[in-house]
Amino acid sequence: MPVRTTTPWTLRPALPEDIEALAELRAVVMRPDLERLGRYDEHRVRQRLRDGYVPRHTSVVVVDGELAGCVTLRPADGGLRLENFYLSPALHGRGTGTAVLRSLLARADGAGATVRLDVLQGSAARALYERHGFTLERQDPIDVFMVRTPVR
């Protein structure tokens, strides 16, 4: 099924020098949910991305030649782990996230890989993941852990 997005996008491999722009994007995107949960910390929100950044598993979403998002898909738990999926708020609701996610899941399905992720409790992103076949694996007061088996 085609994804309707008015914004052309591409993925490019992440580079080590992308780290600060991606850390800043994470802070902007995560702030509302973290504040709602009483967990926003100006330094920690950026440092968590820096501490776990692995460029070889990360892609940068490029729109109009500019860094507009990122996503990490790395081997883990006998499958793949989807992490750090952030898009500029200007792109929210325009179909870009759906298009990027579909492309990643098609790759995972082709490899026969189960994909796991976690999302903050109450995050609007959970609905996106559920629409694409992710189901609840477990949860705690802060995070919802989800899993998606490959579609053949």
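Going by the structure above, here's the rest.
Residues numbered from 1 in each chain as written. Predicted model: local features only at pLDDT ≥ 70, side-chain atom pairs only at ≥ 80, totals over all residues. Heavy atoms only, no water.

### Considerations on the packing of aromatic side chains
And step 1. Using the criterion set out here, one finds 1 aromatic pair in the structure.
And step 2. Look at Y129 and F134: their rings are 5.7 Å apart centre to centre, the planes differ by 70°, and that puts the pair in the edge-to-face class.
And step 3. A relative accessible area of 7% places Y129 in the buried class.
And step 4. Judged by its relative accessible area of 2%, F134 is buried.
And step 5. Across the ring face of F145, the terminal group of R138 is positioned such that the distance to the ring centre comes to 3.8 Å. (Phe/Tyr/Trp six-rings, centres within 6.5 Å; stacked < 30°, edge-to-face > 60°. Buried < 20%, exposed > 50% of the residue type's maximum accessible area, 1.4 Å probe, protein only. Lys NZ or Arg CZ within 6 Å of the ring centre and 35° of its normal.)

### Brief notes about the pattern of salt bridges
Two side chains with opposite charge may pair up if their charged atoms get near one another.
And step 1. Using the criterion set out here, one finds 13 salt bridges in the structure.
And step 2. Among the salt bridges present, the one from R31 reaches E42, with a minimum N-O distance of 3.8 Å. With R31 in helix α1 (residues 19-36) and E42 in the loop between α1 and α2 (44-52), this pair connects stretches of sequence that are 11 residues apart.
And step 3. In this structure, E130 and R126 form a salt bridge, with 2.9 Å as the shortest nitrogen-oxygen distance. Within this pair, E130 and its partner R126 are both found in helix α4 (residues 125-131), separated by 4 residues, close to a single helical turn.
And step 4. Of the residues examined, E130 reaches a relative accessible area of 41% and is grouped as partly exposed.
And step 5. One continuous salt-bridge network, built from bridges that share partners, spans E24, R31, E35, E42 and R46. (Salt bridge = Lys/Arg side-chain N within 4 Å of Asp/Glu carboxyl O. Helix = DSSP H or I, 4+ residues; strand = E, 2+ residues; numbered from the N terminus.)

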